[in-house]
Amino acid sequence: MLPAFILVSMIVLGVSTVMAVFTNSFIIAVNLIDKAVSKSLSPSDLIVITLCVSNIFFQLIMLINDYMSFVCGDIYFQDEVYIISTVLLILPIYCSFWFTVCLSVNYYLQIVIATHPLLIRLKLAVARLVPQLILASLFISFATGLPAAWNFHHDSPSVNISMNESVEISVPSLNVVYLLPSNLISCSIPLILVAITNGLIIKSLVAHNSDKNTKGELSARAEGRVRAARTISCLLFLYISFYISEILVFIEIFPQSSPGFCTCLMIIYGYSPAQSIVLIFGSPKLKQVSLSLVRCV
């Protein structure tokens, strides 16, 4: 019989994975169907699709990783298995962070009232730049994530509880020399860029809060700014929560099964489905289709 903490963690992770796969697949399906009908895919939709694919991959890899560590830790913590699974987990995390940057920048370029020549050129070229930004995000993520495979070392043996048995194992861990620059490049820098973009969107929103039509209602552009600011702010909040939780779990500041550790674990497990829900309610198209689906059900 598995310990209660591990059993509950497995159930929560299983439920969050089902939710993440469903909601992210829903976003991908709606956008692809829309492309098939309209024969076009907006830059935002393209970024959202790649972000959802990354989230699905991350959630499934996390499910496999944690279930293996819970149930068969003696196999999971073998060097080859642990290194491959860790690298596969790092890559979608880094990709998700950089895709969030792409989405934030795209939202800003779409709604900002540009007066500077550089911004005007970027607004006009955004459709052409987005695929390049996605490729650059993939390149940076792989360039910072793949070297993890060659930067492991063994800590002193620790106790792993598996199937109600305590087993002393030597757990591989990443070198700090690798962790610091890789986290700076693919975690901290994207976080700063998303925060800056969010601030610029809010600044644009405040500067043009009087942008109303003849009926005194917000214009379509103003509504777009409000929606973009709300979406990026929620994504930024999730990003910060996830990042802090990952750091706290990694440095083992909380003992396992403690309230702090459980809170961090729930935030990590819920990151992908929560992000997809934010994306759904941040898009009028996705929100309308989802509400129609709920009414039908």
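Computed from a prediction, not measured in an experiment: that's the story for all the values here.

Novice: Would you mind going over the overall build of the protein with me for this structure?
Specialist: Looking only at helices and strands, one finds ten helices and four strands in the protein. Scored against the burial criterion, the 297 residues of the protein give a buried share of 45%. Within the protein, counting contacts between residues at least 6 apart in sequence, those at least 24 apart form 74% of the total. Of the roughly 15300 Å² of accessible surface on the protein, 72% is carried by carbon and sulfur atoms.

Novice: Mind showing me how you'd approach the side chain of Ser 54 here?
Specialist: Looking at the secondary structure, you find Ser 54 in helix H2 (residues 43–71). Note on Ser 54: relative accessible area 8%, which makes it buried. Not counting chain neighbours up to four residues away, the residues in contact with Ser 54 comprise Pro 92, Cys 95, Ser 96 and Phe 99.

Novice: Any chance you could explain the UniProt feature "transmembrane region" (unreviewed entry) in the protein here in plain terms?
Specialist: Listed under "transmembrane region" (unreviewed entry) in the UniProt record, and renumbered for this structure, are residues 6–33, 45–64, 84–109, 129–150, 183–207, 228–251 and 257–281. A distance of 34 Å separates the end C-alpha atoms of residues 228–251, which is 96% helix and 0% strand.

Novice: So what exactly am I meant to see when it comes to the nonpolar core here?
Specialist: Soluble, globular proteins show a tendency: their nonpolar side chains are buried together. Among the nonpolar cores identified, the biggest contains 70 residues, and Ile 27, Ile 201 and Leu 279 are the most heavily contacted of them. With 19 residues, helix H4 (residues 79–111) is the largest single contributor of residues to this core. The contact partners of Ile 201, leaving out residues within four places of it in the chain, are Ser 104, Tyr 107, Tyr 108, Ile 111, Arg 225, Ala 228, Ala 229 and Ile 232.

Novice: Explain H4 to me, please; I cannot follow it from the model alone.
Specialist: The periodicity of an α-helix, 3.6 residues per turn, causes residues three or four positions apart to be oriented the same way. Taking 1.5 Å per residue, 33 residues should reach 48 Å; H4 reaches 49 Å between its end C-alpha atoms and fits that length. Judged by how many residues are buried, H4 sits mostly within the fold: 26 of 33 residues are covered.

Novice: Would you take a moment to explain the environment of Ser 257 for this structure?
Specialist: Along the chain, Ser 257 falls in the loop between helix H8 (220–250) and helix H9 (259–281). Exposure remark for Ser 257: the relative accessible area of 46% places this residue in the partly exposed category. For the pair Ser 257 and Phe 5, spaced 252 residues apart in sequence, the C-alpha to C-alpha distance is 6.0 Å.

Novice: Even after reading the chapter, I still don't get the pattern of salt bridges, so can you show me in this structure?
Specialist: Between side chains of opposite charge, pairing is possible as soon as their charged atoms come close. Scanning all chains against the criterion turns up two salt bridges. A salt bridge links Asp 34 to Lys 285; the nearest nitrogen and oxygen atoms lie 3.4 Å apart. Taken together, the residues span a long stretch of sequence, with Asp 34 in helix H1 (residues 4–38) and Lys 285 in helix H10 (residues 284–296) at a distance of 251 residues. The exposure class of Asp 34 is partly exposed, given its relative accessible area of 28%. Using a relative accessible area of 22% as the deciding quantity, one classes Lys 285 as partly exposed. Lys 285 is the partner of Asp 45 in a salt bridge, and the nearest nitrogen-oxygen pair spans 3.1 Å. Separated by 240 residues along the polypeptide, Asp 45 in helix H2 and Lys 285 in helix H10 bring together distant segments of the chain. A relative accessible area of 13% places Asp 45 in the buried class. One connected set of salt bridges, linked through shared partners, spans Asp 34, Asp 45 and Lys 285.

Conventions and cut-offs
Residues numbered from 1 in each chain as written. Predicted model: local features only at pLDDT ≥ 70, side-chain atom pairs only at ≥ 80, totals over all residues. Heavy atoms only, no water. Helix = DSSP H or I, 4+ residues; strand = E, 2+ residues; numbered from the N terminus. Buried < 20%, exposed > 50% of the residue type's maximum accessible area, 1.4 Å probe, protein only. Contact = heavy atoms within 4.5 Å. Areas by Shrake-Rupley, 256 points an atom, 1.4 Å probe, with all protein chains shown as cover. UniProt positions renumbered as here; feature names shortened; annotations may be inferred. Core = buried A, V, L, I, M, F, W, Y, C linked by side-chain atoms within 4.5 Å. Expected span 1.5 Å × (residues − 1). Salt bridge = Lys/Arg side-chain N within 4 Å of Asp/Glu carboxyl O.

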